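# Structural characterization, general
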Amino acid sequence: MANYMQLVRDNLKEYSKYGKTEIADHIEKMMAWSANLRKAGVHRGAEKLTDDPGQILRFKNGQIIVDGPFTEAKELIGGFFLIEAKDDNHAAEIARDCPSLRFGSEIELRKVADVCSEVVMLRGK
Amino acid sequence: MGTVHSLEKKSARELVEHLFRRDYGQMVARLARAFGSEHLDLAENVMQEAMIKALQVWPFEGIPDNPSGWLFQVAKNLSLDHIRRVKLFSEKEPQIADLVLENVDYTAQGIEMDFNPLFADDQLKLAFTCCHPILSKEAQIALTLKTLCGFSVREIARAFLSKDEAIEQRIVRAKAKIRDERIPYEIPTLTEMPKRLDSVLDVLYLLFNEGYSATIGDDLIRTELCDEAIRLNVQIAGFKSTNTPKARALLALFYFQSSRLHARLDRSGDLLLLEEQDRSLWDQERIQYGMKYLHLSAEGDELTDFHLQASIAACHATAPDFEQTNWKQILADYDELILRNHSPVVALNRAVAILMLNGPKAAITELEKLASLPPLKNYYLFPATLAECYRRLGDSSQARVQYEKATQLAGTEPERRFLLKRMNLIR
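Residues numbered from 1 in each chain as written. Chains lettered and ligands numbered in written order. Predicted model: local features only at pLDDT ≥ 70, side-chain atom pairs only at ≥ 80, totals over all residues. Heavy atoms only, no water.

Along the backbone of chain B there are 21 helices and 0 strands. On C-alpha atoms alone, chain B measures out to a radius of gyration of 24 Å, which is about the 22 Å that the 2.2 N^0.38 rule sets for 427 residues. Its C-alpha atoms give chain B principal-axis dimensions of about 75 × 50 × 45 Å. A total of 427 residues make up chain B; the buried ones form 53% of that total. Sequence-distant contacts in chain B: of pairs separated by 6 or more residues, those separated by 24 or more amount to 67%. For chain B, the computed accessible surface area is about 19600 Å², with 52% contributed by carbon and sulfur atoms. Charge separation in chain B, taken as the distance between the mean sites of 53 positive and 60 negative side-chain charges, equals 3 Å. (Helix = DSSP H or I, 4+ residues; strand = E, 2+ residues; numbered from the N terminus. Rg over C-alpha atoms; globule rule 2.2 N^0.38 Å. Buried < 20%, exposed > 50% of the residue type's maximum accessible area, 1.4 Å probe, protein only. Contact = heavy atoms within 4.5 Å. Areas by Shrake-Rupley, 256 points an atom, 1.4 Å probe, with all protein chains shown as cover. Lys, Arg positive; Asp, Glu negative; His and termini not counted. Charge placed at Lys NZ, Arg CZ, Asp CG, Glu CD.)

Right, let's get into the interface of chain B and chain A. With 31 residues of chain B at the contact, the number on the chain A side is 30 residues. The interface formed by chain B and chain A holds 2 salt bridges in total. When the shortest N-O distance is used, the salt bridge between B:Arg154 and A:Glu22 registers 3.2 Å. Remark: the boundary between chain B and chain A carries 9 residue pairs in polar contact (both at pLDDT 80 or more). Broken down by element, the side of chain B that touches chain A gets its largest block of residues, 12 residues, from helix α3 (residues 40-61) of chain B. Looking at side-chain class alone, the side of chain B that touches chain A contains 17 nonpolar, 5 polar and 9 charged residues. (Salt bridge = Lys/Arg side-chain N within 4 Å of Asp/Glu carboxyl O. Polar contact = N/O pair within 3.5 Å; in protein donor to acceptor, adjacent residues only side chain to side chain. Nonpolar A, V, L, I, M, F, W, Y, C, P; charged D, E, K, R; others polar.)

This brings us to the nonpolar core. Counting 120 residues, the largest nonpolar core has A:Ile27, B:Leu31 and B:Leu126 as its most contacted members. If sequence neighbours within four positions are ignored, B:Leu126 has contacts with B:Val28, B:Ala29, B:Ala32, B:Leu40, B:Thr147, B:Leu148 and B:Tyr185. Ranked by size, the runner-up nonpolar core spans 37 residues in total, among them B:Ile312, B:Trp327, B:Leu376 and B:Tyr390. (Core = buried A, V, L, I, M, F, W, Y, C linked by side-chain atoms within 4.5 Å.)

Okay, the pattern of salt bridges next. According to the stated counting rule, one finds 29 salt bridges over all chains in the structure shown. A single network of salt bridges, built from pairs that share partners, joins A:Arg9, A:Glu106, A:Glu108 and A:Arg110.

Attention now moves to the side chain of A:Glu28. By the element assignment, A:Glu28 lies in helix α2 (residues 20-39). Contact partners of A:Glu28, with chain neighbours within four places excluded, come to B:Ala12 and B:Arg13.

A few words now on the confidence of the model for chain B. Residues and elements named next belong to chain B. This prediction gives chain B a mean pLDDT of 88; 90% of its residues lie at or above 70. Here residues 108-115 scores under 50 on pLDDT; set against residues more than four positions off or in separate chains, the count is 21 contacts. For this predicted complex, the interface score ipTM comes out at 0.80, while the overall pTM is 0.85. (pLDDT = per-residue confidence, 0-100.)

With that out of the way, let us pick up a nonpolar patch on the surface. All names here are of chain A. Nonpolar side chains collect at one region of the surface, where Leu57, Phe59, Ile64 and Val66 lie side by side and expose about 450 Å² of accessible area between them. Where the nonpolar patch is concerned, the elements lending two or more residues are β3 (56-60) and β4 (63-67). You can see Val66 is positioned in strand β4. (Patch = residues over 30% accessible without salt bridge, like charges linked within 9 Å, V, L, I, M, F, W, Y side chains within 5 Å.)

All names here are of chain B. Unusually for a residue other than glycine, Leu161 sits at a positive phi of about 50 degrees. Here Leu161 shows up in the loop between α8 (153-159) and α9 (164-180). One non-glycine residue, Arg182, adopts positive backbone phi at about 50 degrees. One can find Arg182 in the loop between α9 and α10 (193-212).

This is the structure in structure tokens:
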């Protein structure tokens, strides 16, 4: 059992071709998918990130520098879902069903580290 | 922050469908008023962006309690953005300011087909703009579907068996023409109204017909087209200066015909004749609306082709079964219709009514009178109708000859399958 972050990168160019019915249809599919996450008891969180690409902070030449990330809009993460899954395969199964994939989005699936088990593993050595 | 449990309160599907189907047109029309008819593009783009925002945000935050309000607020904010970014639009600042400061309740109300008074006259202004007689009929249709109905270029191209690029071009040119001719964003004057309204009703008729006809493969688009035509006609019927007997008659016709949309196909996707359809699948609510508007259309002295077509449609829609169809009334309506509209297709349909009422011999006599008409020479239903008459007469060989002719003329697989089915009935 572990938590997984499902980071979603949208493809805005794809969306520009859609009419109102297609968009309504996609919203409905996404709502159904996220409702299913709750029904299955695997939904641990979800947040939408703003379109503002934000800032990058670095320590350089003896001081903190704050910079734009110069990330292209198309690579921006739009939001994330936090899901609980049995293992990597289960997490992938859940992510595969995400309707966003079919509208040109990209999903990055990352496992959240469980600090306790790290410690237990170390103790065992 | 939207409430997630609103999902349990209302079905996401219904909400989103109703929201977009009903509110899109009103919102884009209101935006078009603020930006002006020379900037229809901008109104469309802002609406598009707002809907995409909903697609991006709602899955994470849930559908907001007032989705209409949310959507339009986003549209307003985006409008402000555009004004600030592009100096060209600075002369629009007062209109945009009005838009942003306007205090209207956007809570979606009313059932799907009901007249919603929110921005009603704006939607009509947009319809009159898109259907301006200065544009070609094809351009009017494409522009109406794109701007007022929110269809994508791809959907429009599919519905009219065109290429995406062709539709795109048509729409761009139409908008340019509106800009160049300075077509104002307004309800036409009393004197212009009959001609302008006719133009809009013609477009709605063509939209509905396209949705109703069997030439399109995509079921979803078909129903959408019919429902958009109805939705817009409901708006027209709800506005005093456009609520004419003709507009009401057309709406009645739409309701009657669309009541059968889900009963018309068999399991293989082929068309079922009226006599074969399961009438329990006919939408009685739509038939009721049809009767309501047919009744209303009788007020006043105007009798139009739409009245007659609606009357014919009413006869079919209210017959409990095929055997009880009032063919006498239908023939009377066709007799009147043929005087005003010499279309060979009308003549053909009239011949079918004669077949039902007076038998195959009388029908054959009528049909032979039409045989020389050019439009019928390549219309597969003409020999098919003759074949049916000969079949009923018991003349199997003549029936087969006519069915062969029909099969030669049939353009699609579903049409050929239909003819084969009829041919197999010959003993």
